[in-house]
Amino acid sequence: METDNKLPINTLSASALQTWIDCPRKFRLTRIDRVEPAFRAVALAFGSAWHDALGFVLFAHERGETVGRDEQRQRFRDALAHELRTDGPPVLYEDDEDEPSLADRGVGMLDAFVADFPLPERVLGIEVPFDVELYDPETGEVLDVPLIGSIDAVVEERGKPVVLEFKSGRRRWSDEKIAHDLQATTYRIGAKSRGLSEPEQRLVVTTKSARPQVQIERLVRTDADERELMDTATNVVRALEAGVDHRVRSWRCQSCPVEGACG
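Residues numbered from 1 in each chain as written. Predicted model: local features only at pLDDT ≥ 70, side-chain atom pairs only at ≥ 80, totals over all residues. Heavy atoms only, no water.

### Concerning the overall build of the chain
Line of reasoning, step 1. Each helix and strand in the chain was counted, giving eight helices and seven strands.
Line of reasoning, step 2. Relative to the globule expectation of 18 Å for 263 residues, the C-alpha radius of gyration of the chain, 19 Å, shows essentially globular dimensions.
Line of reasoning, step 3. Across its three principal directions, the C-alpha atoms of the chain cover 55 × 45 × 35 Å.
Line of reasoning, step 4. When each of the 263 residues of the chain is scored for burial, the buried share is 44%.
Line of reasoning, step 5. At a minimum sequence separation of 6, the contacts of the chain that also span at least 24 residues come to 73%. (Helix = DSSP H or I, 4+ residues; strand = E, 2+ residues; numbered from the N terminus. Rg over C-alpha atoms; globule rule 2.2 N^0.38 Å. Buried < 20%, exposed > 50% of the residue type's maximum accessible area, 1.4 Å probe, protein only. Contact = heavy atoms within 4.5 Å.)

### Some remarks on the sheet that holds strand 4 (residues 142–157)
Backbone hydrogen bonds hold the strands of a sheet together, and the pairing may be parallel or antiparallel.
Line of reasoning, step 1. Spatially, 3-4-5-6-7 is the arrangement adopted by the five strands of the open sheet, whose pairing is mixed. Only two strands of the sheet have a single partner each, and these edge strands are strand 3 (122–135) and strand 7 (214–219). Across the sheet, the mean angle separating the axes of adjacent strands is 35 degrees when strand polarity is ignored. (Pairing = 2+ DSSP bridges. Axes fitted to C-alpha atoms, helices over the stretch in contact; angles between N-to-C directions.)

### Some thoughts on the layout of surface pockets
Line of reasoning, step 1. In this structure, the second largest pocket encloses a volume near 200 Å³.
Line of reasoning, step 2. Mapped by element, the contributors of at least two residues to the lining of the second largest pocket are helix 1 (14–22), helix 7 (182–193) and helix 8 (223–242).
Line of reasoning, step 3. Take the lining of the second largest pocket: its biggest share by element is four residues, from helix 8. (1 Å grid on protein atoms, 1.4 Å probe; cavity = no way out; pocket = protein on both sides within 12 Å on 5 of 7 lines; lining within 4 Å. Points joined across faces, edges and corners; volume = space filled by probe spheres on them.)

### Considerations on the pattern of salt bridges
Line of reasoning, step 1. The tally for this structure, following the rule as stated, stands at 27 salt bridges.
Line of reasoning, step 2. Residue Asp104 is joined to Arg77 by a salt bridge in which the shortest nitrogen-to-oxygen separation is 3.1 Å. Here Asp104 is found in helix 5 (residues 99–116), whereas its partner Arg77 is found in helix 4 (residues 69–85), with 27 residues between them in sequence.
Line of reasoning, step 3. The residue Arg170 makes a salt bridge to Glu94 at a minimum N-O spacing of 2.3 Å. Of this pair, Arg170 sits in the loop between strand 5 (160–169) and helix 6 (175–179) while Glu94 sits in the loop between strand 2 (91–92) and helix 5, placing them 76 residues apart in sequence.
Line of reasoning, step 4. Residue classification places Glu94 among the partly exposed positions, given a relative accessible area of 36%.
Line of reasoning, step 5. Sharing partners across several salt bridges, the network here consists of Arg188, Lys192, Glu198, Asp223 and Glu226. (Salt bridge = Lys/Arg side-chain N within 4 Å of Asp/Glu carboxyl O.)

### Digging into empty space enclosed by the protein
Line of reasoning, step 1. What the rule picks out here adds up to one cavity of 30 Å³ or more.
Line of reasoning, step 2. Counted as a void, the largest cavity has a volume near 30 Å³.
Line of reasoning, step 3. Forming the boundary of the largest cavity are His51, Leu54, Gly55, Ile126, Glu127, Asp152 and Phe166.
Line of reasoning, step 4. Where the lining of the largest cavity is concerned, the elements lending two or more residues are helix 3 (42–62) and strand 3.
Line of reasoning, step 5. For the lining of the largest cavity, the element with the highest residue contribution is helix 3, accounting for three residues.
Line of reasoning, step 6. Across the lining of the largest cavity, the residue classes tally to three nonpolar, two polar and two charged. (Nonpolar A, V, L, I, M, F, W, Y, C, P; charged D, E, K, R; others polar.)

### Re the environment of Glu71
Line of reasoning, step 1. Here Glu71 shows up in helix 4.
Line of reasoning, step 2. Using a relative accessible area of 44% as the deciding quantity, one classes Glu71 as partly exposed.
Line of reasoning, step 3. Separated by 48 residues in sequence, Glu71 and Leu119 place their C-alpha atoms 17 Å apart.

### Regarding the packing of aromatic side chains
Line of reasoning, step 1. Scanning the entire structure with this criterion turns up seven aromatic pairs.
Line of reasoning, step 2. Ring centres of Phe117 and Phe166 lie 6.1 Å apart, and the angle between their planes is 80 degrees; this geometry places the pair in the edge-to-face category. Of this pair, Phe117 sits in the loop between helix 5 and strand 3 while Phe166 sits in strand 5, and the two are 49 residues apart along the sequence. For the pair Phe117 and Phe166, one class covers both residues: buried.
Line of reasoning, step 3. A connected cluster of aromatic rings, assembled from ring pairs, spans Phe46, Trp50, Phe76, Phe113, Phe117 and Phe166. (Phe/Tyr/Trp six-rings, centres within 6.5 Å; stacked < 30°, edge-to-face > 60°.)

Pasting the structure below:
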């Protein structure tokens, strides 16, 4: 989608909107100034490897291939090794973590996922991209930047499409976190742009606990949620136009990769 963009950014996404909500200064440093981060959070590397492994499992299922447990596990280990060793800032591990322990944890999570997540009848797409116009819900004015993203997976069950959002985390998601997940709303918008009218949405969280659990939740998003997201995006754009980028001091500062540039 081409736009006559006069803003310092070309697109917005769920993660970009969440960054702005958390700290406008971090938004500017990471997405406008492109400050080199001091480190990469290990959770991001792990999450990328996790999505790769789940995509591998789902695509093999769609092709009718029998993929053994050892092959599934190796896929995750290889993906994690690639993410941890890719060029760029060093990975910041959390306490008592290293590559072998992370790989073992992910393998245990993958085993739990395969055992507890019902594989769909069909897999229609993995990492399905979308690019949608954003607009001011009060005036109808189309904003200068589109909303972009990619849906983790679109599958089919009983002849109907289902949109899946995959997450890994230390614990199960609370009802409050589920209710305020911006990504779920962008997935609804993105699915509609791909011709999927009111598909069922599900969140699948696999925990990083000693005994991993697979939490499957049906997500409910409405036109009101879409309107709220459009309103949020409009306010972010207006703030960017005005040059607003104030700091939000919080516990997040301790783990912020650009904290050193936040003078």
